[in-house]
Every structure is written in structure tokens, then in C-alpha cells.
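# Architecture at a glance
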Amino acid sequence: MSNRLFRFVHAGDFHLELPPLGMAEVPDHLNELFIESAYWAAERVFETVLAEEAELLVLSGDVIDPQLTGPRGPLFLAGQFQRLAQRDIPVYWAGGRADPPDAWPSAIGLPENVHVFPRGRVEEFVHQRDGAPLVRLMGASRDGRRTIRTSDFEPDPAGLFSIAVVHGAAEKSALESRGIHYWALGGRHERSTLFSSPNVAHYPGSPQGRRIEEHGTHGCTLVQVDQQGQARTSMVPTDVMRWHEERVAIDELTGRDDLEILLRQRMHGLTESSPSVDLMIAWTIGGSGPLVGRLRRGGLADELLGWLRSEYGFGPPAAWSVSLEVERSAPLPAEWYEQETIRGDFLREIRRLQVNPSEPPDLAPYMCESHLAGTLASAAELGEGAGRECVLSEAALLGAELLSGEEDQP
């Protein structure tokens, strides 16, 4: 069967119930942004469907947890669905972990253009244009299994372009073997394509990043299908705030003024490349030289962070510096652990605690009675695992810096 040209939008993982994370304190002028960002980004998805004159919208799960959003979430979505209904644009929605079909509140009706796939079994729809079949959609809402049961999905026997809508994970080979033209997958916050020829398996990611680990541009996916049934995907950015990880390298000759120039140059590059999006930036300073020690030990890092925030953090749009930290240096020289010095004694004690993970450090002699009776005592207790190793590594580095001369810094 020869196919006809059409386009659709694939989106998912809105998570309207989840605000951005990863900041201990949100400044007052960014409060509205943090509260509304998931909704604003989701609204841009629907605006994309309308602007691109898409044939349909495919949602691949984790759009909303109505119990956590309260009435606002379902009312917002119902209003957006209605915008598409006014243009006769259908929505095909497979639920994920957060949004099984029975989670939708019965008091808020879904417009007739919204088709929700049932939980645990595949249901099919054939979308028509001008009375003729255009595309076949198969889908199932998640039923508790993490792995997609690919054997439930079959290509159209007459060759009609087929879309499988499902939330979860599957082996690439298992998806490829089914012969489905387009796998509309959900369950990943980062955009990724498992394969793109001759068929496609694609996660659009979340329309809005929520923490520094979800850095970079987020959006929805516009899918264009040609007459040969080949689907081509392109990202349409929808995020209203964007997370960035930025590393700035310094060396022995870098001074404070030099670092300010480097930070300013990098900041200008970021704001020029994203002129209409609020930025959340985590800075890492890496390299070597005296400035590294000053950044670690003194208040210079806090001073620079404050300068960046006052200079660029209020916009509009804002480029808010979330943090400024110094990169961990290379392992300390092995000979330092063998020296008969105060530094050597200290590092040997740290090493002893590292190789004996069940032995707690005895910090009580260094704490006053009021601290021992308060919350600081429990905060000073080190258990086992990655947290303990991180604390001991940081303690070794800080101690080595404080016990070394200016010309003998780690």
C-alpha cells in the first residue's frame, strides 16, 4: 500500500505533578517559573500541534498524576485537548506509571477526540483522512511490567503506516523485529532514538527538564511521514527553563580577574544561544594552580557565585547560577601518605578509615557538650557506602590543602 504524506506530534513524560528539583532555595523572582514550568512547557506542545497543522497527537505516558496535581492538572489537559478538538485533531494516549486510565477523575470528562489505550492489552484505531485510512495506531497503557511485550504488536497486513504507542523499555532487536513503522515510546526524560531506518523507535523525552541531570534542550518530536512510509523526526523545543552544566578550565597563571573574564565569556555564549529561555547553570571550575586552593578554602567561590547571580540572574530572561564548585583534583601523591609529617599522619588516618568501612571515626572528642546533645552529633556519624567514601575523600583533600605550603598544594 502506498502511503500519503502526513505529520504528527509525539510527546510524553509531561509529569505535570513534578516541579523542578535540585535547588535548596528558589529565589523569589523565579518562584513562578518553578511552579508553572511544567504547565507552560506542556502548553507549548499543544501549540506545536496547532502551528504545525499536525494530523494527530500521540502521548506515550506519564503525562499527569491527577492525585498529586489536584483538579488543576486534569482541567488544564481537558482545556488543551479541547483546543485540538476544535480543529478535529485526535489524541492517542497510552498511560504510564503515573497515569493509568483509571486514574483520570470521573468528574472531569475527556473530549471525544481523546482516545486512551486500555491497560494491559493492545487496542487499535485507524485514523482516516477524507474517508480513507491514513494511519493505524496500536497501543496499551502500562500494566505494571517495565518491559514492553513486543509480541502483542503486529504490522498492518496491507502495509498501512503503523504506530505503536507504549510506555516502558524493550530490547532494540525485539522492537526492530516486529516491522512496526514507528514505535512511540515513553518512560525516559531524555530524548533518544533507538533506531531510525527503515523504521523508527523513539523516546521524545520530557518537554521540560527538572534538574541539572536533565540538562540541555527539551521538547516534543515532530514526525513527518513520506509516501514511502519513512518517518523522519525533528525536535521542537518547548522548555521554558533550561539546565546547563558548564566547566571552566584554569591553570597556574589564572587569577581571579582572569576567571571572571572566562565566566563572563561563557555566560554570554549561553545567553546568546538561548535568548528566550531562562537558564539554570551549575558551574564547575577545573584545573590547577593557586586559584584552585583559594576557591576551595576561602570565600572566593561564594563571592563569584554572588557576582554571577547579581549580574545575570535577574534577566529577563534569567541566567541563574545554581552552584559554583571546584572539580576534584587527581589522587593525592602516594608519597604524602608515607611522610613523617602532620599531613602524613592525617592522610594515614583517613586511609585507615577508608579501608575499614565498618569502623566509624571518633569525632566526639572534638565536639562540645551542646553539640553532642544536639543534631550535630548525628550529622557527624558516618555510615557505610558511597556517602562515607565521598566525605572521607573530601576530608583528605581539604586536610592536605590546609597542611601543605603554598608551593606544595594538591
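Heads up: the structure comes first, above all this text.
The structure reproduced in this document is the subject of the present report. Keep in mind that this is a model prediction, so the values were computed, not measured.

Attention now goes to the packing of helix α6 (residues 290-297) against helix α7 (residues 300-312). The contact between α6 and α7 brings their axes to 5 Å, and the two run at 85°. Regarding the angle of α6 to α7, the classification is roughly perpendicular. Contacts between α6 and α7 involve Leu291, Arg294 and Leu295 on the former and, on the latter, Leu300, Ala301 and Leu304. Its residues assigned to classes, the contact of α6 with α7 shows five nonpolar, no polar and one charged.

Here we come to helix α5 (residues 256-273). One turn of an α-helix holds 3.6 residues; hence residues three or four places apart share an orientation. Over its 18 residues, α5 extends 26 Å from the first C-alpha to the last, a length consistent with the 26 Å expected when each residue adds 1.5 Å. Inspection of α5 places Leu259, Leu263, Met267 and Leu270 among the buried residues, and these make up the whole buried set. Seen from one end, α5 has its buried residues packed into an arc of 70°, which puts them on one side. Exposed and oriented more than 90 degrees from the buried face of α5 are Asp257, Gln265, Glu272 and Ser273. Looking at the buried positions of α5, the neighbouring elements they touch are β13 (241-250), β14 (278-287), α6, α7 and β15 (319-326).

Quick look at the packing of aromatic side chains now. Scanning the model with the defined rule gives 14 aromatic pairs in all. Where Tyr92 meets Phe125, the ring centres are 5.6 Å apart and the plane angle is 55°; that geometry is what we call tilted. Residue Tyr92 is found in strand β3 (residues 91-93), and its partner Phe125 is found in strand β5 (residues 123-129); the two are separated by 33 residues along the sequence. An identical accessibility class is assigned to Tyr92 and Phe125; each is buried. Ring centres of Phe153 and Trp183 lie 5.2 Å apart, and the angle between their planes is 65°; on these two criteria the pair is classed as edge-to-face.

A separate point is the pattern of salt bridges. The final tally for this structure, using the stated rule, is 22 salt bridges. Across the pair Asp156 and Arg136 runs a salt bridge whose closest N-O atoms are separated by 3.8 Å. With a gap of 20 residues between them, Asp156 in the loop between β6 (132-140) and β7 (162-167) and Arg136 in strand β6 connect regions that are remote in the sequence. By the burial criterion, Asp156 is buried, and Arg136 matches it.

Reading across from one edge, β4-β3-β2-β1-β11-β12 is the order of the six strands in this open sheet, with mixed pairing throughout. The open sheet has two edge strands, β4 (114-116) and β12 (231-237), and neither has a second partner. Taking each pair of neighbouring strands and ignoring which way they run, the sheet shows an average axis angle of 20°. Bridge analysis of strand β2 (residues 57-59) against β3 gives three bridges, and the strand direction is parallel. Its bridge partner lying in β3, Leu59 is registered against Trp93.

Attention shifts here to the environment of Gly405. Tracing the backbone through its elements, the reader meets Gly405 in the segment after α11 (386-402). The spatial distance from the C-alpha of Gly405 to the C-alpha of Ala201 is 57 Å, given a sequence separation of 204 residues.

This part covers the environment of Ser192. Considering the arrangement of structural elements, one finds Ser192 in strand β9 (residues 192-195). By relative accessible area, Ser192 is classed as partly exposed at 21%. Residues Ser192 and Gly387, 195 residues apart in the sequence, show an inter-C-alpha distance of 31 Å. In contact with Ser192, not counting residues within four places along its chain, are Ala201, His202 and Tyr203.

Let us now look at the pairing of β14. Most of β14 is tucked away: eight of the ten residues are buried. As paired strands, β13 and β14 are joined by ten bridges and run parallel to one another. The residue bridging Glu246 from the neighbouring strand is Trp283, located in β14. Remark: the β13/α5/β14 crossover connection has right-handed handedness. Two strands pair when backbone bridges link them, and β14 and β15 are joined in this way by seven bridges, in the parallel orientation. Residue pairing across strands places Ile285 opposite Val326, the latter belonging to β15.

Here we take up the sheet that holds β14. Pairing is parallel across the open sheet formed by three strands, whose spatial order is β13-β14-β15. The sheet is open, and its two borders are formed by β13 and β15, each paired with just one other strand. With direction set aside, neighbouring strand axes in the sheet form an average angle of 20°. Here α5 sits on the sheet in contact with β13, β14 and β15, set at roughly 150° to β13.

On the surface, a cluster of negative charge is made up of Asp251, Glu252, Asp257 and Asp258. Relative to the helices and strands, Glu252 is located in the loop between β13 and α5. According to the relative accessible area criterion, Glu252 is exposed, its value standing at 51%.

A word on unusual backbone geometry. In the segment running from Ser197 into Pro198, the intervening peptide bond is cis, with an omega of -5°. With respect to the helices and strands, the residue Pro198 is situated in the loop between β9 and β10 (200-203). With an omega of -10°, the peptide bond running from Pro316 to Pro317 counts as cis. One non-glycine residue, His15, adopts positive backbone phi at about 45°. By the secondary structure assignment, His15 is in the loop between β1 (6-11) and α1 (31-51).

Conventions and cut-offs
- Residues numbered from 1 in each chain as written.
- Predicted model: local features only at pLDDT ≥ 70, side-chain atom pairs only at ≥ 80, totals over all residues.
- Heavy atoms only, no water.
- Axes fitted to C-alpha atoms, helices over the stretch in contact; angles between N-to-C directions.
- Helix = DSSP H or I, 4+ residues; strand = E, 2+ residues; numbered from the N terminus.
- Parallel < 35°, antiparallel > 145°, perpendicular 65-115°, else oblique.
- Contact = heavy atoms within 4.5 Å.
- Nonpolar A, V, L, I, M, F, W, Y, C, P; charged D, E, K, R; others polar.
- Expected span 1.5 Å × (residues − 1).
- Buried < 20%, exposed > 50% of the residue type's maximum accessible area, 1.4 Å probe, protein only.
- Arc of directions from axis to C-beta.
- Phe/Tyr/Trp six-rings, centres within 6.5 Å; stacked < 30°, edge-to-face > 60°.
- Salt bridge = Lys/Arg side-chain N within 4 Å of Asp/Glu carboxyl O.
- Pairing = 2+ DSSP bridges.
- Right-handed = clockwise from strand over helix to strand, strands pointing away.
- Patch = residues over 30% accessible without salt bridge, like charges linked within 9 Å, V, L, I, M, F, W, Y side chains within 5 Å.
- Areas by Shrake-Rupley, 256 points an atom, 1.4 Å probe, with all protein chains shown as cover.
- Lys, Arg positive; Asp, Glu negative; His and termini not counted.
- Charge placed at Lys NZ, Arg CZ, Asp CG, Glu CD.

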